[in-house]
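Examining the three-dimensional arrangement
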Amino acid sequence: MAGSTPVYGFPYPTGTDRVMDGDNAIAALAQAIEDRLAVWPPVRMQAGTSPAFPSINGGTGQSLAMTFAVGRFTQTPMITLAGVSNGHMAASLGTGASATGCTLRIYNPTGTVISSPYCMFSAVQMSEASGPGLTRELLEGEAQYLATCHTDGCDNAGEPIPIVWAELDGPIVVGCGVCGQPIEDVTA
Ligand SMILES: [Zn+2]
């Protein structure tokens with residue numbers, strides 16, 4: 001009678017199982033692992049609390065650059081934030097998040113000081129090649145284009161990059177996410 005692990009339910013043979021059925025036992029375990037991996041769990045992740053901000057006066061904002069664990073991410077992860085404080089505070093991400101860090105922004109919209117605010121965060125990289133992970137099928141009214149940046153010195157320069165654009169957004173407009181410049185070289 002096979003047993004199974006408590007968290008994922010991976011099967012394994014127990015004392016009275018016959019050794020000659022080992023191939024079946026290993027096949028069942030391999031299939032269970034494959035089924036588990038098929039739900040596409042993130043390959044890299046970090047979650048935690050940010051460094052503390054100083055107390056923040058009413059009507060003002062503060063920014064704080066936060067580093068991720070060294071070597072944790074190979075692509076810019078998908079980052080979500082929540083502000084935590086003894087008041088009503090807003091928290092958001094600054095521009096320029098990367099594989100090594102991001103900028104946290106908080107704002108105090110109230111008239112009174114908020115003390116010792118911080119953020120809870122989670123950062124997820126869904127595949128080795130991409131932060132968001134698998135791309136989806138095109139929807140009706142969407143088309144794929146290739147956009148190539150030609151800015152001198154840009155890491156994306158000369159690399160045709162697939163992008164998706166929907167009809168309802170009008171004529172296509174593209175900018176480079178690395179150098180920030182408009183991209184004119186766009187082909188269907
Ligand atoms: Zn560029």
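The model shown is predicted, which means the values in this text are computed figures rather than measured ones. (Residues numbered from 1 in each chain as written. Predicted model: local features only at pLDDT ≥ 70, side-chain atom pairs only at ≥ 80, totals over all residues.)

1. Here's the deal with the sheet that holds strand S7 (residues 101-108)
Strand order in the open sheet made by the three strands is S4-S7-S6, with antiparallel pairing throughout. Looking along the sheet, the strands with just one partner apiece sit at the ends: strand S4 (60-67) and strand S6 (90-93). Averaged over all neighbouring strand pairs, the angle between strand axes comes to 25°, with direction disregarded. In this structure, S6 lies alongside S7, joined through four bridges in antiparallel fashion. Residue pairing across strands places Leu93 opposite Leu104, the latter belonging to S7. (Pairing = 2+ DSSP bridges. Helix = DSSP H or I, 4+ residues; strand = E, 2+ residues; numbered from the N terminus. Axes fitted to C-alpha atoms, helices over the stretch in contact; angles between N-to-C directions.)

2. Overview of the environment of Asp17
Its place among the elements puts Asp17 in the loop between strand S2 (11-12) and helix H1 (22-37). Judged by the 15 C-beta atoms lying within 10 Å of it, Asp17 falls in the partly exposed class. When residues no more than four places from it in sequence are discounted, the contact partners of Asp17 are Ala2 and Ala25. (Buried ≥ 20, exposed ≤ 12 C-beta atoms within 10 Å, placed from the backbone. Contact = placed C-beta atoms within 7 Å.)

3. Digging into the pairing of S4
Looking along a regular strand, one sees the side chains alternate between the two faces of the sheet. In terms of residue burial, S4 counts as a barely covered element, since only zero of its eight residues are buried. Of the pairings in the sheet, the one linking S4 to S7 comprises eight bridges and is antiparallel in character. Bridging from a neighbouring strand, Gln62 pairs with Ile106 of S7.

4. Side note on the domain arrangement of the protein
With domains assigned, the protein is organised as domain 1 (3-37), domain 2 (44-125) and domain 3 (142-187). Put simply, the middle of domain 1 and the middle of domain 3, counted by C-alpha atoms, are 48 Å apart. (Domains from an automatic or database assignment.)

5. Here we look at the sheet that holds strand S8 (residues 118-125)
The three strands lie next to each other as S3-S8-S5, forming an open sheet whose pairing is antiparallel. Taken across any chain shown, the strands that pair with only one partner, and hence form the sheet edges, are strand S3 (44-49) and strand S5 (78-84). The average angle at which neighbouring strand axes cross in this sheet is 10°, direction not considered.

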